Amino acid sequence: QVQLVESGGGVVQAGGSLRLSCAASGRTFSSYVMGWFRQAPGKEREFVAAKSRSAGSTYYADSVKGRFTISRDNAKNTVYLQMNSLKPEDTTLYYCAGKGAWIAITTSSSYDYWGQGTQVTVSS
């Protein structure tokens, strides 16, 4: 069992930056693929980025490629999402999630563990 807690959300002007953190409980954090998703009210949960267990592989949604960076520190049981050049359309609730295998990484239903979400608001 893994518990995930996100932090770092807030309000920022367009073009600004935020870094989200997701702290995991348990001693097996390094065995999980970690991902970030976002979901606006009334819309489906959207894949943002994923990082493999050893941090050797990374994958991004086209909408954030070149602006967002996912990283992980297995010693701290934490995964990060550095968000630069933020746009108003990035405004929504962001979730971190964990799963066992590096397959179907863009599919939210394939993840086993979820945090409660952190709100990001980008003003124009």
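Residues numbered from 1 in each chain as written. Predicted model: local features only at pLDDT ≥ 70, side-chain atom pairs only at ≥ 80, totals over all residues. Heavy atoms only, no water.

## Some thoughts on the sheet that holds strand β8 (residues 78-83)
Next, step 1: Spatially, the four strands line up as an open sheet ordered β1-β3-β8-β7, and their pairing is antiparallel. For this open sheet the edge positions go to β1 (4-7) and β7 (68-73), each flanked by a neighbour on one side alone. Sheet twist, expressed as the average angle between the axes of neighbouring strands with direction ignored, equals 15°.
Next, step 2: When strand β3 (residues 18-24) meets β8, the two strands line up antiparallel, connected through six bridges. Its bridge partner lying in β8, A23 is registered against T78. (Pairing = 2+ DSSP bridges. Helix = DSSP H or I, 4+ residues; strand = E, 2+ residues; numbered from the N terminus. Axes fitted to C-alpha atoms, helices over the stretch in contact; angles between N-to-C directions.)

## Topic: the nonpolar core
Next, step 1: Residues L4, W36, V48, F68, L81, M83 and Y94 are the most contacted members of the largest nonpolar core, which totals 34 residues.
Next, step 2: Mapped onto this core, the elements with two or more residues apiece are β3, β4 (33-39), β5 (46-51), β7, β8, β9 (92-99) and β11 (118-123).
Next, step 3: Those residues within four positions of L81 in sequence are excluded, and the remaining contacts are L18, R19, L20, W36, V48, A49, F68, T69, I70 and Y94. (Core = buried A, V, L, I, M, F, W, Y, C linked by side-chain atoms within 4.5 Å. Buried < 20%, exposed > 50% of the residue type's maximum accessible area, 1.4 Å probe, protein only. Contact = heavy atoms within 4.5 Å.)

## Digging into the pairing of β11
Next, step 1: Here β11 shows a clear split, with T118, V120 and V122 buried on one side and none of Q119, T121 and S123 buried on the other.
Next, step 2: Relative to β11, β9 runs antiparallel, the two being bridged by three bridges. Residue Y94 lies in a different strand from β11, and its bridge partner there is T118.

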